[in-house]
Each structure stands twice: as structure tokens, then as C-alpha cells.
Amino acid sequence: MGSLNKEEEMEQIVEEPNEAILYVNGVRKVLPDGFAHLSLLEYLRDHGVNQNPRSLADILRIWEVFYPGTTKCTDNLFLVSKTILSSSFMCFNRELKQQKTNQVLFVGKDIGLTGTKHGCGEGGCGACTVMVSHYDRKMKKCMHYAVNACLAPLYSVEGMHVITVEGVGNRKRGLHPIQESLAHSHGSQCGFCTPGFIMSLYALLRSSKTPPTEEQIEESLAGNLCRCTGYRPIVDAFRVFSKTSDALYADITSLNLQEGEFICPSTGKPCSCGSKTNDQSICSTRYEPSSYSEVDGSTYTDKEFIFPPELLRRKLTPLNLSGLGGLKWYRPLTIKDVLELKEKYPNVKLLVGNTEVGIEMRLKRIPYQVLISVAHVPELNILNVKDDGIEIGAAVRLTELLNLFREVVTQRSAHETSACKAFIEQLKWFAGTQIRNVASIGGNVCTASPISDLNPLWMAAGAKFRIINCNGNIRTTPAENFFLGYRKVDLNSNEILLSIFLPWTRPFEYVKEFKQAHRRDDDIAIVNAGIRVCLEEKGEEWVVSDASVDYGGVAPLSLCAIKTKEFLIGKKWNQDVLHGALNVLRTDIMLKEDAPGGMVEFRRSLTLSFFFKFFLWVSHQIEGYKSIKESVPLSYLSAIKSFHRPPLVASQDYEIRKHGTSVGSPEVHLSSRLQVTGEAEYTDDTPMPPNGLHAALVLSKKPHARILSIDDSGAKSSPGFAGIFFAKDVPGSNKIGVIVLDEELFASEFVTCVGQVIGIVVADTHENAKLAAGKVHVEYEELPAILSIEDAIGAKSFHPDSQKFMRKGDVDLCFQSDQCEKIIEGKVQVGGQEHFYLETQSSLVWTMDSGNEVHMISSTQSPRKHQVYVSRVLGLPMSKVVCKTKRIGGGFGGKETRSAFIAAAAAVPSYLMNRPVKLTLDRDIDMITSGQRHSFLGQYKVGFTNKGKVLALDLQIYNNAGNSLDLSLGVLLGAMFYSDSVYEIPNVRIFGSVCFTNFPSNTAFRGFGGPQGMLIAENWIQRIALELKKSPEQIREINFQGEGSIMHYDQQLEHCTLAQVWNELKVSCDFLKVREEVDEFNLQNRWKKRGIAMIPTKFGISFTHKFMNQAGALVNVYTDGTVLVTHGGVEMGQGLHTKVAQVAASAFNIPLSSVFISDTSTDKVPNASPTAASVSSDMYAAAALDACEQIKARMEPIALQRNFSSFAELVTACYLERIDLSAHGFYITPDIGFDWSTGKGKPFSYYTYGAAFAEVEIDTLTGDFHTRTANVHMDLGYSLNPEIDVGQVEGAFIQGLGWVALEELKWGDASHKWVPSGCLYTCGPGSYKIPSLNDVPFKFNVSLLKGNPNVKAIHSSKGVGEPPFFMASSVFFAIKDAILAARAETGHTGWFPLDNPATPERIRMACLDEFTAPFVSSDFHPKLSV
Ligand SMILES: Cc1cc2nc3c(=O)[nH]c(=O)nc-3n(C[C@H](O)[C@H](O)[C@H](O)COP(=O)(O)OP(=O)(O)OC[C@H]3O[C@@H](n4cnc5c(N)ncnc54)[C@H](O)[C@@H]3O)c2cc1C
Ligand code: FES
Ligand code: FES
């Protein structure tokens, strides 16, 4: 379409448009009326699937707009696309029935752009990121910015250009350098997050005049979540587009390269892609040199979509459109029109970014009727820098505001911009870039959220709000007086906010922002604050002439601490005023014990901590002025050092052991090019077959109750309703279960958890199905519920036959003997974890031959389980049920069993109505219904010598299974196997129990109980260390297992590399030196502390059920020399297909590109075990190899006849000789077996070993923390693909970091009385925080042990998926180490309990000091749902 450089040179002839339009990827689309309820994402993915026309005339109108010219072929014939519009087709059908005149013809035209993903629907994951471009007439330039398409209303982008990942590049047109780079650097595993990352960077590059810095690139990704990669490869891929310093690139010698390091040809920096391998060829193939300039206009841009000339010429016009249910949408372009509309509709919702209203309408289901988009009203978009301050229009977006403040602080004198600087700092941590690009200050102010980040600052900074009424009269009110109550502001129904005036600060007037959230990036505050003082020099003293102390998160509204403010004014600025103000503040801000949000003690402590920090900061600012007498002690400065994240530095150190053409090479993921272009299809992207329906679940709202009655009349009269089904309708058996049939598909008489499925509704659209399901009214008789492990123990509520026992030696005898010089007892609570795969659970089921066969495409780790469940509930033989899985957007155990009931539920309406049914769970429903990692309770008694040698362990261990057994027994046994971690203990006794609780069934999650067992063990190791005043690392080393050690379940360790891995890590991280540095830092810094830890791991590889250790593969060789492999394993990002293909390629001695792996399907490879337990590469690669060897053996006689010039020639010759070129391969893991009744045997084929080192820094006043360094060293044998394995290590580590330090599940239980009983509060990315890029260690080094082949698995490799997960506990124990240093400052030495996750609340409340003392005693223990 031309060069980007010409965008702004276009001649502008302003045209009056006569229709609403939008450009998508350079293609003009007319926006019909009637779509006001659609988000941009819905429009892009389904293109009108939600429209629900009411009449034939409606259909014709909509149709005409979408398909001009194709609407009518004849009077009686209409064209309907294959995928579109199953919904309109349905309505169409109904109309047809009434009219009895028309026929329908299907044409196979798919118009959905499914590259943009739906990960959460609430602006919290970034999977839906697209770039929006519009021409700004005021600035006379094209603006390009990233937005969340899930929250952007469709009509908000009218007259604009939307570019999706498909428009950036694709395999036919060519990949964009961003896509190439991400694919090459292994930055896409499951690929579900990938389009979002591509679009965030793409928008940054398109909007930057000069190459962005690495910091800017990382900042632009703050709103994008990835659950697989650990972010490092994404950063590496994207930093290619940044050049931080030309000198850096020009003058390589100045870089002081370490010996053996070299310059990466793409980044121009010391290489982070295996810098110590000295193999530059690898690096240069991984990082194709590409630079920003290619994106900027010289090379690639010829292929890029420019801003459509029509849009340059076109003037915005007012819009007056409508949506479903009578929704009205207006886009006025003058303040006069806004006020007229406001007068007409006093309850109207004004919109700018829709980031509040969108959540209210979509998640909270508030049915607003009139929406007015005020984003383009000039009076609301003013930004005037005046003599006395800045006037900011209410519709100004946060990004614009941030840019203005950044400019202003460079232009005005420093004393004037104290408030501006505070806003800059606060806005840095306000949401992610996509939200900041659209969200307005007016929207933030008028929503009046009690945790708004900006409102306390407006109040503190003395801002004034200008308010205009419908008559055009303007009044002004101070921000301090504007907030009246929970989401109530001082605006009459005929008023709107016009603008905000922010005054310049005066000399010696200081404004500072504060915010503490669960996660630093893109998270709402737990508590925030804006504090200001104005000081006057009076004689020898500084006196407070004015002040404002304002908090968020401590009351239903942003709160001014009035008594504190009054106390401060007139006082001298010294230690006395500090202590006095803190005393007043304590009574100024009161929070009831059961205040919504919980964490009451933490929140109250934070109010004091923030004020203390403010006092120190101001004192430091005025230090040096003649009359200040007291200076801030150097060690106290640590309280006011703000967090700065340097660009990520990472290394990956491994050896390459090649075997044949491909095995051992760091090949890129086979689907990566499809994933980076958005061409890779996931279940929900599958085009809906004709006549398809969408499903939604009817869920229990009570944790334990008898169902008295179900009224579904509301659902039946809901728009688009097609059918509803309950237990009585299930054609086969309603009883389901993984090991025992202890679940019902649809609850019949009782419900045993909130979120249990009671029925299923099908309707024409996803939205309509949800709407109808929400209208089913269930009457319950509530019954007592068990909502914790402790409750379950008290009530002896255990799943039947689930109490297990393992022993070694004689624990009682040992405790009684005098060998045990010390005995400790304690308990450890281990928190759960949500899988948070980016792609939610999804199944599409359809029938064939009128229900004689049932087929499905499912997002599952176990297609076989779907086949079993569906055949059972439908009463069909398994041979008539087929499940296929192409790829899944992450699983981590969450789609091993808990996906099967989704498919089974969807199968019921599909079978009974003989129509395709798609069931894709929304994020909140997924989190509520499908179970998590088990929380655990461990009660231990450990005996040891004074030297630290552990002699006896007596452990009672419980897991919280929820309301069905699922895999909980296996998970419990997993924890029991790993309860010794890596320690040689002569006497062990472990009792395990699986608790029945009234929560959704918990399930497998990476590590399968192992991490929980090991975390309990490392807790008592750490306690022994404190008892003996030694380091935990010393205690670990004294107790290490080694070659020949016999486990408490009788397996003997062979080829044990634990000590080698540990020792190499200890040297590479320079442990002893860092220990000294950390101790020194802690001496110098009172309010920031550092901690370190080294943690070992050993992880057994095999399914512990022997029968599951079997695998099949089907290999077909074709006459063109290509090979198709199908096997029983599922590709979920872990690179399984790539590794299996590498093995096949090497087997046939052909290039990897000649091997293709198709989808996993139960009709090609039957009876496959789930893809789990880190065994899949071992097993499926071995099965594929077996098949390859069979074919090779058949080909060998021909191959020996002569020299063939190519593999294709050989294959053709074999074909002509009628040789079977297809084989089924099979593999069983040899030499394993475990007797579950005795608790003895050899459950594992071998062990994977590893060790990790972490260094963290905590802010003792707020609980904020970051990981400075993490080094992970793993023994993975001779890796089949070292880059994929490194990716698994990094991804597992960051996921583990989430478990140990960030991700807290909050359930309605005794610990969280403000949450309804049995409900999950943390059911979306807004409240449940998985790690973001900002949580990646500053230095993140991964290395693989060299020269250690594994004799037990294919090509000497080792399983990798789960073992590195526990390595993140090094961060947890490093945090604990830092807390110990903080506690020592106030004389609290000795052991203390710390639960995971070590959230800011737990860190801060463990750092006992004068600011926690008023609220808690020294044994305070924050609550945890366990
Ligand atoms: C993922 C995510 C992360 C977020 N993170 C943060 C965060 O870190 N900190 C934080 O404080 N908030 C956060 N928010 C909240 C939200 O983004 C902000 O409050 C935002 O500023 C709202 O602006 P908007 O333009 O999108 O509001 P909209 O949704 O468009 O409007 C919000 C409300 O304001 C009213 N309104 C808008 N303009 C006017 C006006 N001129 N006069 C009268 N009423 C008006 C509307 O009627 C409506 O009720 C987050 C939200 C999301 C979805
Ligand atoms: S789907 Fe839009 S941010 Fe998650
Ligand atoms: S690759 Fe990022 S979520 Fe899977």
C-alpha cells in the first residue's frame, strides 16, 4: 500500500462521511447500526455472531452491510457464510418457518479474524491486544497505540484503522521482523499470548520516531501475560528492536567482554543466547540480524498497512447508533451536544476508555441503556499549561497525561513540579500500556473507586475539579471535597466533569505518591496514598504551613486523614511531629476486622509506613538547608529509594550433543511461525459448523446444599435460547469420575461446592447462552460446609480409601533414643495455585449420522479421557466417539482431567439436539469450576543431631481435594514421595490423608504434589538451621542423598548427579561471596533487606501407575520423502511435537522440515495416557522411534540395492516394491513398579536433578520485593533440544515464583468472611496475579549440566516439564532470609512461620517493627485459604 513515511504527507481533503466505517488490516468495513453491544474483539473474531436480528428485514439489513451485493441471489435465495453466523442463521430459520418462502444456501466463507485471542475479557491479560490508528487533526499526525480489543466498544474505533496480528505479517505475505524474531528466539511456547505480545511491540514501534529503549520495550509489555515462557525469550526477541546507545553498538571493545563472551549479531551486546558456548553460528541463526530501521520504513514497510488515505481525508461525524436490548450509543463531538444528551438522559454513562463501564456491563452484568462516547469532544480534551498550573480535560487519556507531565518536568523549575513527578511515578504502575492508552482521568475520577490510584493524589496536590451542568454553568470544587461515599461523587444528575486544574507546587511544597499492590505491574492497589506538606522556614525551624494526607484502599472512598492534616499544620518538621502524626493517623484511619478486601492489619500498617516514608523523603529533600538540624541516617535512606528495574540480563548455558540430522539441535518450536502470525488455531478458533449452538453452564451458588427446585422459565424465554438440560436428560450415565465415579455430570439432588454444574443451556450466541443460564433460578436448602483442611480433619472428612502410609526404619525408636539430640515439631501450610493457562477450557462437539457417531475438538491434555467421558454420558461405545486436539493454549495439569466434564456437558445437548455445540469457559467460570493446585497442611516432627544430621521424620500430610477424588490421591502420594526432598533420613513415617471439602475438585498441576512435599521439607530444614545457628545450605549439604541412597519407598538412587549439580551452582553463583555482600548490605540498610538461598531438587520421572507408562505413535512415510507422525501426546507449548519430529528426522536421516506432526486424535493413536508427568518426550519420542525403526527395517533391503540420491527416491522405490510405509510404534517404560498397598517399589524410571540460587531484596515497610538474581542449574542429560528445555526451565521457574510469592487464592472461608461462603474471590487477572515481566529476576541465568548422558531415556535425555518448578522456592527462602535480617533489627531472632505465597502482606507483617506493633502481636500470622 505504500510507504509508512508517506502517512503524514497525504494531502488532506476533508470529506463528510455518510456511513460509519472501520478499516481492519487495510480493508474497509462498513459498521452497521445495531452493534453497540459488541466489543471490538467480538467483532473481529466472530464478525457479527452476536447480532441476533429480530426480523427478516433486520437480517437483510445486516447482511447487505456485511456482504454488499451478495444478499439476495433471487427473491427466495440468500447466501449465508459457513461460520458466521450460526446465530443469524438460526433466527433466519425461525423467520423462514414463519414466512415459508425462502431457501438458504451455504457458502464456505470464513470471515473471523481469530488471531486476536480472548484470554480474560477484562483487560488483564493482553491476549486481545490490537493496534488502533487514527489521525489526530489537532496534532496533525497519525497516532498508533495498543488497546485491549476485549474492552474497546466496536463503535469507539469508528473512523479508525485496526491492525491485528494477521495484518502485521503472515506466512504468505511474509513475517514481520517482530514475528520472525519472536519465533526464532523461542518466545512462543503454547502461542496463545503471542499475538498480544506482537501487537504491543508493533504499536510501540509504529508510534516511536526513534528506536525505543529496552526499558520502553519492557514497559510496553506490562499489560501482557505469558504463562509458559517466563518472559525471558520474549524480551530477548524484542530487544533486537532497541538500541540503547549507539556507542554500545559501535564500540564493542568498551564492553569489557568476559573471556569467552562475544557480541550477539542482532543485539550488538554480549550475547544472552548461550554466551559461553563460543558457537557464534548458533547465535546468528537464532537471532537473524534485524533492526528497527526495517520496521521504520526502509525494508519491511513496503508490506505494511499504511494509514488508509480515506481516513486521512475523512472528518469524524457524530454517531447515533444502537445495540442489543435497545442500547443507545452516541458520539457527540461538541460539549453542547454532550450536555443536551445528558439533559435528555440523566442516567447516561459517559464513556472514554470503557475500562470501568465495560467491566460493569460485561462482568457485573449491569445493563446500562444509554452510552455517550465523549472521547472526541475538544473541550474535554484540553491540555493547557498555564502560569499557575495545568488544566486537563476530563477525557484526556492517561498516556497523554503521562507524556505531558514528563515534558513539563523538563521545562518548569523543579519546585513547581513536585506533584507532576508524583503523578509520573504513580502512572508508571497504573494498569498496563493498553489500558493507559484509552483510560481517561475523568473516568478514573468519576468512577470514584476507593482504590483509584490518582484520586488520593489529586486530593493531596490540591487539584480543583471543574464541573459543568446542562445549562453550561461551570462550578469548581476542590478534589478533597469531591468524593462523598462508595462510588459517590459531588456531581448532580445534570452535571459532568469538565476538567481538572492541577496547581504548580510552591518552593518547599512536596507531594509524594505511594502504592502497594500484590504485583507491581498492572495491578490495583491494596493501599495507596498521596501526601503533601508545604514547609515554611520560621527562624531556626521548618514549620508545616499546609498539608494533605490522603489514602486509598482504607475506606469505601478515597479518604482524607483530616485529623492528621490538622495535627500537622503549624507544627515544626522534626521527629516529634513524625511520632505525633503517626499516633493521630492510627485513630484517623480505622478499618473493621471484617472490612471487604481483608488484610486489615496490613493495610493499617501500610498507612503508617507510607507516612514514615514521606517524612523521611521530605526531610531528605530539605537536608542541607541551613535550619534543618536532623539529617536522615544513611541507613534510613533505604526507605525512600524507589524501585528501578534495569533491563533484564540473562544467559543460557548448555552443550549441544547432536545425534543425526536433528536430535540435540536447538530447533525452534514447529508451530512458532503459525503462532506469531495468529494463524495457529485453538479450539475456540475452530469455525463453528452450520447450525451450531453456544453453551453456558448453570452453576451452583452454594457450597453444600440440597436442590429443592429449579425454575428454568426465565432461561427459556431469554433471547436466542435453544435448549436446557439437567441430570434427568443425560442419555447415558450421569456418574463420572477419573478413578472412582464420585461425580455427577449435572448435580441431581445435592450440590457440594459453589461452581458445581447443575445444567447446561444452549443458545444462538455465547452471550445469549450466558444470559439464559443466569436466569435459571435454583432453590436450595443449605447444609453445613467444610471449607478448610482443618475443618476436614476436625470432622474426619476424608475421601474413602484415601489414607496412605509410607515408612522406613523405626521413627518412634529413634525419637526415644538419645541419638536425636534435638527434636522440633511444627506445621506448614502450603497455598494452592490456579493454572491460569491463557486459553480457557473449550470443547466443540458435533454428531455425525444423526448421532451414530460423536466427534469433538477439545482443549485437553487427555483426548482419551474426553472420549471416555463422552461415551459414558451418551451411552455410546468408545469406538464411535472421537476426540481431536491440535494444540492447547497451556495446560499445566489443569486440562488433564478437569477438561473432560466440559466436553461431556457439551456433548449432551449436541447429541440430543443433533447440532454442534461449543462450550468455551469465560475466565472467571474456568477458575471457579475447574479446580486448582492442592493446598496442603503438613504437621512434622523431626529429630536431628547437634551437627544437623536428620535422623527421623514423622509427618502427617493432608491435601485439600475438594468435592471429588479426581487425581487427589495421586497428588497426595506425590507429596509423600517427595517429603524427603533430597535428604537422607534413616527413619521416616508419613501418614497422608485426602480431605473432602466443599470446594471444586482440585487437580493435577505441574509437579503433581511434589513441590508441596518438598516445600514442607525445606521448611523444617530451615528451622533446623535456625535452631543450630547454621545456614540452611550447610544443613542441606550434611543431609544430601547420593549414589545408592535408598528412598523411604525403597527405590535406590542410581546415576545421582545431585552433588555435582549443587557444587557447580555454588561455584557459579559465588555463594559465599554473595552471602558476605548481602550481610554488608543489610548492615547498611535499615528498611531494605536482601536475602539469599540455594535449593536443591530431585524429581522422579514416570507415572506412578505402572499401566500409564505406555505410548503409541503412528508414522506414515510418503513418496515425496516427507513423514507424518501422529502420537498420543498433546502439544501444549512444551515443544513435544518438535522433539518427536526431531527424533523422527534423525531416525530417517532427513531434515526436520520433512517431518510433520498432525493433531492428536483418539482414532489414530488409541488409549493414550494424558500428556503429563514430564514423561511425554521420553515415551512418545520412543514410540515414534520404534515406528521409524520398523519402517527403516522394511526399507533396508531396497536401500542396500543401490545409492539413492534422496530419501524421496528411496521411499518411491519402496513404494513401487509394495513395502508398507506406515507403522505403529509402541513404548513401555521398563523396570518400574510400585505397590500402593505396601508403599514400596520403584515408582520412577530415573530422577532429574537440579539446584537454584536466588537473591532478593525486600522493602520491609511495605512488603514489596524483587528478585535480583536467579541461577538455575539442571541435569537434563543430553538434551533432545536444549533451547526448548531451557524454555521449560525458565517457564517453570517463573510459574513456581508465582506459587511461592504472588498467587494467592482467596476463598469464602473462615479466613475471608467478607467473601460469600465457598466462593472464589480471586477469579480473574484483576484479583489473581500471575507473574508479569516485571517479576522476572533482574539477572536470570539457566545452565544445563554437561557431559552427563541419561542411560534410561531416549537419546540419553531427561524429562524436564515439572522438575524445575520447585527451583523457584529459592526465591521464597531468600525472602525468608531477608525477613530474618529485618526481624533481627527489632530483636526478633529465631524461627517464624511464613506461608506461601510470600505476598507483600506476609513479608511486611513478618518484618516486625514500630509500625506493625500497634496492630499485631509478634506471633501474628496472616490468613491463608488452605
Ligand atoms: C485491567 C485494568 C487495570 C486497571 N488498573 C488500574 C490501576 O492500576 N489504578 C487505577 O486507579 N485504576 C485502574 N483501573 C481502572 C480504570 O482503568 C480507570 O479508572 C480508568 O481511568 C477509567 O477511565 P475510562 O475512560 O476507561 O472510564 P470509562 O469506563 O469510560 O468511564 C468510567 C466512569 O466515569 C464516568 N465518566 C467518564 N467521564 C466523565 C465525565 N467527564 N464526567 C462525569 N462522568 C464521567 C462514566 O460515566 C463512567 O461511569 C484498571 C482497569 C482495568 C480494566
Ligand atoms: S482478553 Fe482482553 S485483556 Fe485479556
Ligand atoms: S506462550 Fe505465552 S501463554 Fe503460552
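Parameters and conventions
- Residues numbered from 1 in each chain as written.
- Chains lettered and ligands numbered in written order.
- Predicted model: local features only at pLDDT ≥ 70, side-chain atom pairs only at ≥ 80, totals over all residues.
- Heavy atoms only, no water.
- Helix = DSSP H or I, 4+ residues; strand = E, 2+ residues; numbered from the N terminus.
- Expected span 1.5 Å × (residues − 1).
- Buried < 20%, exposed > 50% of the residue type's maximum accessible area, 1.4 Å probe, protein only.
- Arc of directions from axis to C-beta.
- Contact = heavy atoms within 4.5 Å.
- Pairing = 2+ DSSP bridges.
- Near = heavy atom within 4 Å.
- Polar contact = N/O pair within 3.5 Å; in protein donor to acceptor, adjacent residues only side chain to side chain.
- Nonpolar A, V, L, I, M, F, W, Y, C, P; charged D, E, K, R; others polar.
- 1 Å grid on protein atoms, 1.4 Å probe; cavity = no way out; pocket = protein on both sides within 12 Å on 5 of 7 lines; lining within 4 Å.
- Points joined across faces, edges and corners; volume = space filled by probe spheres on them.
- Axes fitted to C-alpha atoms, helices over the stretch in contact; angles between N-to-C directions.
- Core = buried A, V, L, I, M, F, W, Y, C linked by side-chain atoms within 4.5 Å.

Draft legend 1. Region of interest: helix H35 (residues 1071-1084). Taking 1.5 Å of rise per residue, the 14 residues of H35 would be expected to cover 20 Å, and the 20 Å separating its terminal C-alpha atoms lies within 8% of that figure. Those residues of H35 not exposed but buried are Phe 1071, Val 1074, Val 1078, Phe 1081 and Asn 1082. Looking down the long axis of H35, one finds its buried residues gathered within 95° of arc, a one-sided arrangement. Exposed residues lying more than 90 degrees from the buried face of H35 are Leu 1072, Glu 1076 and Leu 1083. As for H35, its buried residues are in contact with helix H33 (1032-1039), helix H34 (1058-1068), strand S42 (1088-1101), strand S50 (1246-1259) and helix H40 (1369-1385).

Draft legend 2. Just the pairing of S42, in detail. Among the 14 residues that make up S42, 14 are buried, leaving the element largely enclosed by the rest of the structure. Across the two faces of S42 the burial is the same, with Lys 1088, Arg 1090, Ile 1092, Met 1094, Pro 1096, Lys 1098 and Gly 1100 and Lys 1089, Gly 1091, Ala 1093, Ile 1095, Thr 1097, Phe 1099 and Ile 1101 all buried. Where S42 lies against S50, 14 bridges are found, and the strand directions are antiparallel. Residue pairing for S50: Ile 1095 is matched across the bridge by Ala 1252.

Draft legend 3. Up close: the site of ligand 1. In the vicinity of ligand 1, 32 residues are found, and the nearest of them are Lys 349, Val 352, Thr 355, Ser 440 and Asp 453. A distance of 2.8 Å is found between an oxygen atom of ligand 1 and a side-chain nitrogen or oxygen belonging to Lys 349. Backbone polar atom of Asn 354 to an oxygen atom of ligand 1: 2.9 Å apart, as the coordinates give it. For the shell around ligand 1, the element with the most residues is helix H18 (residues 441-447), which contributes five residues. Considered class by class, the residues forming the shell around ligand 1 number 15 nonpolar, ten polar and seven charged.

Draft legend 4. Structural detail: empty space enclosed by the protein. One pass over the structure, following the stated rule, counts eleven cavities of 30 Å³ or more. In this structure, the largest cavity occupies an estimated 150 Å³ of space. The wall of the largest cavity is formed by 17 residues, among which Ser 935, Asn 960, Leu 1305, Trp 1307 and Ser 1425 lie closest to the centre. Its residues assigned to classes, the lining of the largest cavity comprises six nonpolar, eight polar and three charged.

Draft legend 5. Up close: the environment of Ile 985. Tracing the sequence through the fold places Ile 985 in the loop between helix H31 (968-977) and strand S41 (987-996). Owing to a relative accessible area of 2%, Ile 985 belongs among the buried residues under this scheme. In this structure the C-alpha to C-alpha distance between Ile 985 and Ser 1045, which are 60 residues apart in sequence, comes to 9.7 Å. When near neighbours in sequence (up to four residues on either side) are disregarded, Ile 985 contacts Lys 808, Val 950, Leu 951, Ala 952, Leu 953, Asp 980 and Trp 1020.

Draft legend 6. Quick look at the sheet that holds strand S34 (residues 822-830). Ordered in space as S33-S41-S40-S39-S34, the five strands form an open sheet in which the pairing is mixed. Unpaired on one side and paired on the other, strand S33 (804-808) and S34 mark the two borders of the sheet. Ignoring strand direction, the axes of neighbouring strands in this sheet form an average angle of 10°. The pairing of S33 with S41 spans five bridges and is classified as antiparallel. Across the sheet, residue Lys 804 finds its bridge partner in S41, namely Gly 992.

Draft legend 7. Expanded view of the nonpolar core. With 216 residues, the main nonpolar core has Phe 238, Trp 1020, Phe 1293, Phe 1340 and Ile 1375 as its most contacted residues. Broken down by element, the residue count for this core peaks at twelve residues, all from helix H37 (residues 1176-1199). Discounting chain neighbours no more than four positions away, the residues touching Trp 1020 are Ile 824, Tyr 940, Val 942, Val 950, Leu 953, Ser 979 and Ile 985. In terms of nonpolar packing, the next biggest core, distinct from the first, is built from 95 residues, Leu 44, Val 157, Met 160 and Leu 339 among them.

Draft legend 8. Layout of the sheet that holds strand S23 (residues 559-560). Strand order in this open sheet of four strands is S20-S21-S22-S23, and the pairing throughout is antiparallel. Where the open sheet ends on each side, the last strands, each with one partner, are strand S20 (509-517) and S23. In the sheet, strand S22 (residues 541-552) pairs with S23 via two bridges, with the strands oriented antiparallel. Pairing of Tyr 551 across the sheet is with Leu 559, part of S23. Of the strands in this sheet, S20 and strand S21 (525-538) touch helix H16 (residues 418-428), which is tilted by about 10° from S20.

Draft legend 9. Examining unusual backbone geometry more closely. In this structure, the amide linkage connecting Asn 1396 to the following residue, Pro 1397, adopts the cis form with an omega of 0°. Within the secondary structure, Pro 1397 sits in the loop between H40 and helix H41 (1400-1406). Positive phi is not limited to glycine here, since Ser 850 has a value of about 55°. Looking at Ser 850, the relative accessible area reads 65%, which means it is exposed. At Arg 1218, a position not held by glycine, the phi torsion is positive, near 60°. With respect to the secondary-structure elements, Arg 1218 resides in the loop between helix H38 (1207-1216) and strand S47 (1222-1228). Residue class for Arg 1218 comes out exposed when judged on its relative accessible area of 79%.

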